[in-house]
Amino acid sequence: MTTFVFPYRHYVVALVLLFVISVTSALFGAVMGLTNIALLYLLPVLVIALRGDMKATTIVTAITVVVFDLLNVPPLFSFSVHDLVHAWSFILFFLVGYTITYQAKRIQANAIKEMFLDTLSHDLKTPLSSLLGNVSLLLKDHPVDSQTRRALLLQINDSGQRINRLASNLLDSARLKDGNGVLRPEWCDFEDIIGVALQEFRYHPNQHRIEVVIDPDTALFWGDCALLVRLMVNLMDNALKYTEEGKRIRITVATDRKTITLLFFNESSPIKKSDLKNLFERFYRIDDRADVGGSGIGLSICRDIAAVHGGTIDARNCTGGVCFEIRLPIRKASDHPIGEAL
Amino acid sequence: MKVQELVLIIEDDEAIARMLSLSLRQQGYKTLMATDMQSAHRAFRANRPDLILLDLGLPDGDGKTMIRTIRTQAAVPIIVISARHEEKEVIASLDAGADDYVFKPFSLDELAARMRSAQRRFQGLSPSVNIISCGDIILDIAERSARKSGEYLKLTPTEYNLLKYFMLHLNQVLPYARILKEVWGVGYQNEMQYLRTYINSLRKKIETDAARPGYIRTEMGVGYRFICDTTTPE
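Worth saying up front: this structure is predicted, and the values here are computed from it rather than measured.

Enquirer: Please set out the overall build of chain B residue by residue, giving values where relevant.
Expert: A count of helices and strands for chain B gives eight helices and twelve strands. Taking 17 Å as the expected radius of gyration for a compact globule of 234 residues, we find that chain B reaches 19 Å, a close match to that expectation. For chain B, the spread of C-alpha atoms along the principal axes amounts to about 55 × 35 × 30 Å. Expressed as a percentage of its 234 residues, the buried residues of chain B come to 54%. A sequence separation of at least 24 residues applies to 60% of the contacts in chain B between residues at least 6 apart.

Right, dumping it as structure tokens:
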């Protein structure tokens, strides 16, 4: 999931390393001897294997073996191998590569599982403890005045909504992990999608501060409407959480012929650069505001939803607040322009 | 409302069934609970309930067959209770003859409103056929006109037909395919583009804030519902 940023970065690293090693071995090959050169050539294999991606390992190892064979194994610049020992070392390259890839995969899976459980227990236990605490207050024998009672009940309602949102997020995230096959595209109207997302916050005390501006030329968008609603809900949730009392939130939908751009603006103090970069990483949360009730998984799902639609999401500090910008390419043009009643 | 109407609750989760029963009794209904299909059939035959709440995820079989069986035997409102991500099942249940649905987790107020409007439809208390009003909208079928706050709305023929179809089915969930078939005709069931486009333009004309629609509510993945129930909590 971390490969959305630039999917082939690790290939580049391994191949540059391979190039450097080839140059080194060409220059100092005579001094080093074939065994040492072979060991050097294992480095790119190790580097790529640590990614835990079998396909990448196979490709890079194959390239490495070919380059090693051409440049260093006599007869030079040919694929023929005189000594069977060399053929054996080629197989070893793959063996080492696959073993490390397998181990790296296991370690990654464990790390993800751990982070997942950490986040889940935080995101789940915070609303749960608020919910149980408030319920136990209401269950106590001594009476509470009606105003306090209502406040407690609103808290309980809010916690319930949060748990509900978390459950929806987890379900959608499981769906997204399966890849493109589960995308259920249909014609979506962004005005409608925003409306449905706003519905989820209809009891939120600050929901009226969300202002919606939609370019009248916005056409229907061919995408997974349910996932796009989730995207909107998560970003609204985020904006509502990080916007102080009396500050504004504005959602703008703009379009040209090729892209739809959704801009979420909320008035707030700027976010640190390092935080901006990591905002969309799974389970990342701006630490010093842990009391806000984590969105460890919400924003990463936003990124995944944008990605399955072939789009991008960015966060940046803009004048007076924070901007989240989602750009979705229009992949199928609607022949029914909205705004032009027929 | 008839005094002490009987609601049959078919739900295998005891906590939810008990909560539903408690809340319905507070509202003046009598309740009967069944935890699986078999006992539900028995309870239905023995007691002839006035309304049925049916959880789709029952241990012993498909709720849709139950809906079909009931439909052949009695005219009683059926409201389906379902987990999220089961939109297809919900549409199939509506096609099988269910009257409405709520997704878990649902609010009791919302369920109560759904029950009331389903009952009203069954008791034939649907709005008078020539002039239907809802909020600040008045539809005059004889005159083929619609007014909002007294002012005539400029609607295209399709927009008018769509609004009319909605207002003849107030508060009722209307699956996409059904709307397309009724308003556009057979063969148009899959033309979601038409529907979305016209909903958008109709909202622009009848809603006060199209991004926060008060009349035409989207039921994600299922269809639309024209809200006209002062008792629906908002």
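Enquirer: Give me the environment of A:Phe201: which residues, what numbers.
Expert: All names here are of chain A. Tracing the backbone shows Phe-201 in the loop between α6 (190-199) and β2 (210-214). Exposure remark for Phe-201: the relative accessible area of 2% places this residue in the buried category. Separated by 40 residues in sequence, Phe-201 and Gln-161 have C-alpha atoms that sit 9.2 Å apart. The contacts of Phe-201, once residues within four sequence positions are left out, are Arg-165, Gln-207, Val-233, Met-236, Asp-237 and Leu-240.

Enquirer: Give a description of the state of the cysteines that names residues and reports values.
Expert: All names here are of chain A. According to the stated counting rule, one finds three disulfides over all chains in the structure shown. Two residues share a disulfide in this structure: Cys-318 and Cys-323, whose sulfurs sit 2.0 Å from each other. Across the S-S bond of Cys-318 and Cys-323 the torsion is about 90°, and the bridge reads as right-handed. Cysteine pairing in chain A follows 1-2, 3-4, where each cysteine in a disulfide is numbered by its order in the sequence.

Enquirer: Describe the packing of aromatic side chains, listing the residues and the values that go with them.
Expert: Residues and elements named next belong to chain B. Taken as a whole and assessed by the stated rule, the structure comprises 15 aromatic pairs over all chains. Aromatic side chains Trp-184 and Tyr-194 sit 6.4 Å apart centroid to centroid with 50° between the ring planes, which places their arrangement in the tilted category. Pair noted here: Trp-184 is in helix α7 (residues 176-184) and Tyr-194 is in helix α8 (residues 192-206), with a separation of ten residues, a long-range link. A relative accessible area of 17% means that Trp-184 is categorised as buried.

Each value, and the rule that gives it
Residues numbered from 1 in each chain as written. Chains lettered and ligands numbered in written order. Predicted model: local features only at pLDDT ≥ 70, side-chain atom pairs only at ≥ 80, totals over all residues. Heavy atoms only, no water. Helix = DSSP H or I, 4+ residues; strand = E, 2+ residues; numbered from the N terminus. Rg over C-alpha atoms; globule rule 2.2 N^0.38 Å. Buried < 20%, exposed > 50% of the residue type's maximum accessible area, 1.4 Å probe, protein only. Contact = heavy atoms within 4.5 Å. Disulfide = S-S within 2.5 Å. Phe/Tyr/Trp six-rings, centres within 6.5 Å; stacked < 30°, edge-to-face > 60°.

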